Structure formats: C-alpha cells, structure tokens
Amino acid sequence: MFYRQMPLVAGTFRALGFPLPNDASADMDDLVAELATFLDRDAGPEVVLCGESFGGALSLSFALAHPERLRGLVIVNSFPVIRQRWKLFLGPLALRLLPWGAMPIVRRFTEARLHSPHAQPEDLHEFRERSKQIGKAGYLRRLEILRHYDVRDRLGELRLPVLFLAGDRDQLLPAVAEARYMAARVPRGTAVVLEGYGHICMINHDFDLMDYLGPWLERDLRSADRAGGEVS
C-alpha cells in the first residue's frame with residue numbers, strides 16, 4: 001500500500017517496493033531471507049526500510065537479523081507483538097471458511113476500522129482495486145506467523161535510527177501506545193503521532209511521508225552522515 005508515496009519520496013530516494021509472496025509455507029525467517037535477496041539484487045548499499053503493519057513487523061525482524069544493511073527504519077502503525085493472541089487463531093479459521101472472492105465485500109464492512117475518517121472515495125476505490133491482488137494463502141500465512149512474532153525483548157539491540165509513526169485514529173490496534181513502547185526501548189527511536197489518521201494511512205490523498213521523513217532524516221541520519229540512501 002505504498003503506491004501513493006512512491007512519487008512523493010522519489011525526490012530524495014530511489015523507491016523500491018517489496019512484494020510479499022503468496023506462500024502458505026513461509027515463516028518470518030523465510031520472508032527476511034527473501035527481503036535480503038531482493039535488497040541485494042535491486043538496492044544499493046545504504047537502505048532506509050519502511051514497513052506498515054505486518055510490513056513493520058517484517059522490517060523490525062530484518063533489522064534485527066541484518067543491522068549492517070540498513071541506515072534507518074520507518075515503522076508505520078505496527079507492533080512488537082500481537083497482545084490479543086486469540087484473534088490470530090479465530091481470524092484465520094473464519095477466513096478459511098470464507099470464499100476468497102467475497103473478501104472485497106468483507107473489506108467494505110471493515111473500512112471504518114481500517115481507514116482514516118477523512119479518506120476520500122477515490123482513495124478507498126484505489127485501495128479496493130489493489131487489494132484484489134492479495135493472495136489468500138499468503139494472507140493467512142502472515143496471520144499465522146504473527147502468532148509466534150515477539151521482538152519486545154530485542155528492541156534494545158536496534159542501534160540504528162528508527163522512526164515510529166502511529167495514527168491516533170487507528171482502530172485495528174493501539175498504534176500510538178505501541179509506537180511509544182517501542183521508541184522508549186530503541187536507543188535511537190522516535191515516536192510521532194499521526195493526528196487524524198487510521199491504520200491504513202499512506203493511501204490517503206493528503207498524507208505525505210516526506211513531511212515526517214524530512215525532519216527525521218536531517219536530525220537522526222544526515223547530522224551524522226551527509227550521504228544519501230535508498231528506501232524500500
């Protein structure tokens with residue numbers, strides 16, 4: 001869901017998007033390995049990795065496995081652990097019983113919990129169309145992966161700059177509380193509240209990631225090293 005931000009960050013970065021595989025057997029280590037291969041093939045030596053929701057969990061896992069590959073992390077509406085684990089057992093069970101072709105209808109009923117209150121119809125339409133590309137096998141597998149995902153005890157190992165962005169209207173998870181929790185435990189962590197934004201915020205017509213990346217880059221990255229980087 002990074003499509004709206006691609007042209008906005010292009011003036012500063014060479015933007016790359018990592019497609020999550022539709023794989024029913026992959027675990028988090030497999031996804032980290034695939035992301036490493038992707039970056040080795042397509043990115044340069046200096047990367048700022050940006051991940052939203054599950055992508056944030058993957059980005060944190062990648063940073064813990066390969067800290068030497070990154071100059072910084074941007075984590076949007078994400079978490080160090082799913083605290084209500086029971087949802088990760090009931091959710092996949094319900095989705096397995098649901099015909100995948102009915103998911104567009106389901107998403108219509110859950111939009112109020114996912115999106116920002118001021119999301120425009122064209123933003124939502126584009127999101128619905130792109131969501132049709134999400135495969136059932138990979139989606140279910142990612143929910144299963146989160147049953148075992150927990151990096152709370154390892155956050156202090158992250159020595160690179162990390163920017164945690166959290167929408168204060170996120171109804172899917174307590175994004176602001178999670179961002180502040182993580183930032184307090186990451187030595188160079190910074191939490192910023194996105195006022196008025198819900199869980200899926202980067203598709204919004206008025207959201208510009210560079211509004212938040214710009215000051216952070218100047219303060220936490222370029223103050224120490226004026227060299228450029230890449231974002232994925």
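Before reading on, note that the structure itself is shown above.
Here the structure is a predicted model, which is why all the values come from computation and not from measurement. (Residues numbered from 1 in each chain as written. Predicted model: local features only at pLDDT ≥ 70, side-chain atom pairs only at ≥ 80, totals over all residues. Heavy atoms only, no water.)

Novice: How would you summarise the nonpolar core if you had to cite specific residues and measurements?
Specialist: Formed by 42 residues in total, the largest nonpolar core has its most connected members in Leu73 and Phe164. Mapped onto this core, the elements with two or more residues apiece are helix 2 (28–42), strand 1 (47–52), helix 3 (54–65), strand 2 (70–76), strand 3 (162–167) and helix 8 (175–185). Those residues in contact with Phe164, other than ones at most four positions away along the chain, are Leu60, Ile75, Ala179, Met182, Ala183, Val186, Gly189, Thr190, Ala191 and Val192. If you look at the next biggest cluster of nonpolar residues, it comprises 19 residues, including Val9, Val48, Phe207 and Met210. (Core = buried A, V, L, I, M, F, W, Y, C linked by side-chain atoms within 4.5 Å. Buried < 20%, exposed > 50% of the residue type's maximum accessible area, 1.4 Å probe, protein only. Helix = DSSP H or I, 4+ residues; strand = E, 2+ residues; numbered from the N terminus. Contact = heavy atoms within 4.5 Å.)

Novice: Could you give an account of a negative patch on the surface, naming the residues involved and the relevant values?
Specialist: There is a patch of like negative charges on the surface, built from Asp27, Asp29, Asp30 and Glu34. On the accessibility criterion, Asp27 (31% relative accessible area) is partly exposed. (Patch = residues over 30% accessible without salt bridge, like charges linked within 9 Å, V, L, I, M, F, W, Y side chains within 5 Å. Areas by Shrake-Rupley, 256 points an atom, 1.4 Å probe, with all protein chains shown as cover. Salt bridge = Lys/Arg side-chain N within 4 Å of Asp/Glu carboxyl O. Lys, Arg positive; Asp, Glu negative; His and termini not counted. Charge placed at Lys NZ, Arg CZ, Asp CG, Glu CD.)

Novice: With reference to specific residues and values, describe the pattern of salt bridges.
Specialist: The final tally for this structure, using the stated rule, is eight salt bridges. Linking Arg130 and Glu126 is a salt bridge whose minimum nitrogen-to-oxygen distance equals 2.7 Å. Taken together, the residues span about one helical turn, with Arg130 and Glu126 both in helix 6 (residues 121–131) at a distance of four residues. The exposure class of Arg130 is partly exposed, given its relative accessible area of 33%. Classification of Glu126 by relative accessible area gives partly exposed; the value is 29%. Across the salt bridge formed by Glu157 and Arg154, the nearest N and O atoms sit 2.9 Å from each other. Take Arg154: its relative accessible area is 36%, and that puts it in the partly exposed class.

Novice: Could you give me a rundown of the packing of aromatic side chains, with the residues and numbers involved?
Specialist: Within this structure, the stated rule accounts for four aromatic pairs. Where Tyr197 meets Phe207, the ring centres are 5.2 Å apart and the plane angle is 80°; that geometry is what we call edge-to-face. One end of the pair, Tyr197, is in the loop between strand 4 (189–194) and helix 9 (210–221); the other, Phe207, is in the loop between strand 4 and helix 9, with 10 residues separating them in the sequence. As far as burial versus exposure is concerned, Tyr197 and Phe207 are alike and both buried. By the ring-pair criterion, three or more aromatic residues cluster together here, those being Tyr197, Phe207 and Tyr212. One Lys or Arg, Arg83, reaches over the ring of Tyr181 and ends 4.9 Å from the middle of that ring. Against the face of Tyr181 rests Arg185, its NZ or CZ located 3.6 Å from the ring centre. (Phe/Tyr/Trp six-rings, centres within 6.5 Å; stacked < 30°, edge-to-face > 60°. Lys NZ or Arg CZ within 6 Å of the ring centre and 35° of its normal.)

Novice: Mind laying out unusual backbone geometry, listing which residues take part and the relevant values?
Specialist: Although it is not a glycine, Ser53 adopts a positive phi angle of roughly 55°. If you trace the backbone, Ser53 turns up in the loop between strand 1 and helix 3. For Asn77, which is not glycine, the phi torsion reads 45° and is therefore positive. Note that Asn77 resides in the loop between strand 2 and helix 4 (87–97). Relative accessible area serves as the criterion here: at 0%, Asn77 is assigned to the buried category.

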